[in-house]
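Okay, here's what each chain looks like letter by letter:
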Amino acid sequence: MKLHWQIMIAMVIAIFVGLITPQNSQIYQVYGFFGTLFLNALKMVIVPLIMASIISSMASLNQGDNLGRLGLKTLGYYATTSLIAILIGLTVVNITTPGIIHGAPAGELLNLHADSAELESTLMKVEGRGSKDLIEIFIRMIPTNIVAAAAEGQMLGLIFFSLLFGFFMGRVEGRRGEVLRDFWKGVSKTMVLITQFVLKFAPIGIFALIAKTVSATGFGAFAPMLVFLLTVITALALHAFVALPLLLKFVGGVSPLKQLSVMSPAMLMAFSTASSSATLPLTMECVKKRAGVSHKTASFVLPLGATVNMDGTALYECVAAMFIAQAYGLELGLVTQFTIVLVALLTSIGVAGIPAASLVAITVILAAIGLPLEAIGLLLVTDRVLDMMRTAVNVYSDACGTVIIARTEGEYWVLSPEQGHDATEPDND
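Residues numbered from 1 in each chain as written. Predicted model: local features only at pLDDT ≥ 70, side-chain atom pairs only at ≥ 80, totals over all residues. Heavy atoms only, no water.

Participant: I would appreciate a short explanation of the overall build of the chain in the present structure.
Facilitator: Looking only at helices and strands, the chain has 18 helices and two strands in total. By the burial criterion, 53% of the 429 residues in the chain qualify as buried. In the structure as shown, the chain presents an accessible area of about 18600 Å², 66% of it carried by carbon and sulfur atoms. (Helix = DSSP H or I, 4+ residues; strand = E, 2+ residues; numbered from the N terminus. Buried < 20%, exposed > 50% of the residue type's maximum accessible area, 1.4 Å probe, protein only. Areas by Shrake-Rupley, 256 points an atom, 1.4 Å probe, with all protein chains shown as cover.)

Participant: Would you mind showing me how to read the confidence of the model for the chain here?
Facilitator: Any residue range with low pLDDT should be treated as having predicted coordinates unsuitable for detailed reading. Across the chain, the average pLDDT comes to 78, with 79% of residues at or above 70. Below a pLDDT of 50 lies the segment residues 126-133, which in the model reaches ten contacts outside its immediate sequence neighbourhood of four places, other chains included. Confidence drops under pLDDT 50 across residues 420-429; counting only partners more than four residues distant or on other chains, this segment forms 29 contacts. (pLDDT = per-residue confidence, 0-100. Contact = heavy atoms within 4.5 Å.)

Participant: Mind showing me how you'd approach the packing of aromatic side chains here?
Facilitator: The geometry of two aromatic rings is summed up by the distance between their centres and the angle between their planes. Here the structure, examined in full by the defined rule, presents eleven aromatic pairs. Between the aromatic rings of Phe167 and Phe168, the centroid separation amounts to 5.0 Å while the plane-to-plane angle is 90°, which identifies the pairing as edge-to-face. Residue Phe168 is classed as partly exposed on the basis of its relative accessible area of 47%. Taking the centre distance of 5.1 Å and the plane angle of 80° together, the rings of Tyr412 and Trp413 count as edge-to-face. According to the relative accessible area criterion, Tyr412 is exposed, its value standing at 59%. Of the residues examined, Trp413 reaches a relative accessible area of 8% and is grouped as buried. Aromatic rings pair up to connect Phe161, Phe165, Phe183 and Trp184 into one cluster. (Phe/Tyr/Trp six-rings, centres within 6.5 Å; stacked < 30°, edge-to-face > 60°.)

Participant: When you look at helix H9 (residues 174-200) in this model, what are you seeing that I'm missing?
Facilitator: The end-to-end C-alpha distance of H9, which contains 27 residues, comes to 39 Å, matching closely the 39 Å that a straight helix rising 1.5 Å per residue would cover. Residues of H9 that are buried include every one of Gly177, Arg181, Trp184, Ser188, Met191, Val192, Thr195, Val198 and Leu199, and no others. (Expected span 1.5 Å × (residues − 1).)

Participant: I would appreciate a short explanation of the packing of helix H4 (residues 69-96) against helix H15 (residues 311-327) in the present structure.
Facilitator: Think of two packed helices as two axes; the pair is described by the angle between the axes and how far apart they sit. Contact geometry of H4 with H15 gives a least axis separation of 8 Å together with a crossing angle of 30°. Between H4 and H15, the angle falls in the class roughly parallel. Judged by the twist between their axes, the crossing of H4 over H15 is right-handed. Facing H4, whose interface residues are Tyr78, Thr81, Ser82, Ala85, Ile86, Ile88, Gly89, Leu90, Val93 and Asn94, H15 presents Asp311, Ala314, Leu315, Cys318, Val319, Met322, Phe323 and Gln326. (Axes fitted to C-alpha atoms, helices over the stretch in contact; angles between N-to-C directions. Parallel < 35°, antiparallel > 145°, perpendicular 65-115°, else oblique. Left-handed = near helix turned anticlockwise from the far one by under 90°.)

In structure tokens, the structure reads:
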């Protein structure tokens, strides 16, 4: 049975079991034990997964002529659309405030009970920030000790170091460079396998976390989670059906409706598999054969996008972090929200193209702004559906970027009005 069906079955069983489990029983403690084990396993893979993914991605990007005109356009597009997606998510979550129910923080409804001293420390850290704290964010990006930064979970410094290390590793020539690149690619693939292994236990972890929550709160926890679900869906729809079409129309000069029609097979596959990497072959086929993008452009932009361009994921991370902060009753100022935007932008490039890997990245954001990690278990309730949706947005953004970049590179035939769905570029590439 596929993992998402296992998770859905575990969720349904957990609801019924949780309703009949007394909160002061030993079984309730068992739920907490297995839930904690699963969350600890997720935390365990954070540093090596993020670092290896970013380093190997930057190294492959920096090889050969990839950082020429085409590379700069691609990076510029991916950074721009990810930032737009995050800002859309930030705006929508501030309007809907899913973590506030009937004027009060939803922490009690969600069974969130962080240590009072820890929460007070977080509140003091979050409130009253100003321009000095904004400067402090950039100072923390350059750690004095990379090992200490990893041990203390200073993810901004780790991400900056990984970007720098990967960039210059790609410039090392000869056998030494090949050994380094092979090593980090091997580490990246190993961490993906470990993450997939941990996620195989997601049904057990989700069962324990949901059963514990339902046992303590009944159905009260589902009201804020429903608002959170609708908030993310609304933000994803605004990005996919408003922001990206505007870029297609005014930057690429092509019809957004035609692009949506051309990419519909890949988007449906992305939605069903929740994996941008698994969808990549079909995305390449749609972009080249149905949209008419040249092999040169498509073969560079799309694989890179499947690795580093995660608009939907970055948007989701931002909304999830704000939702959890609201649920704890924390009012995040502009500086802290800027931190969320920055960390979401940077971590989105290090998220592997596998289902539910963004849960790992969310822990990075929560750690960066000092929020407790216990609420991550709640996100698993809606994660499968939202994972499918944000993956479809990720793939669609990659395809839109490929078309826009192709048009700016002089491929005038791409999605031209006279072309049908079996378009191909002229013979001159």
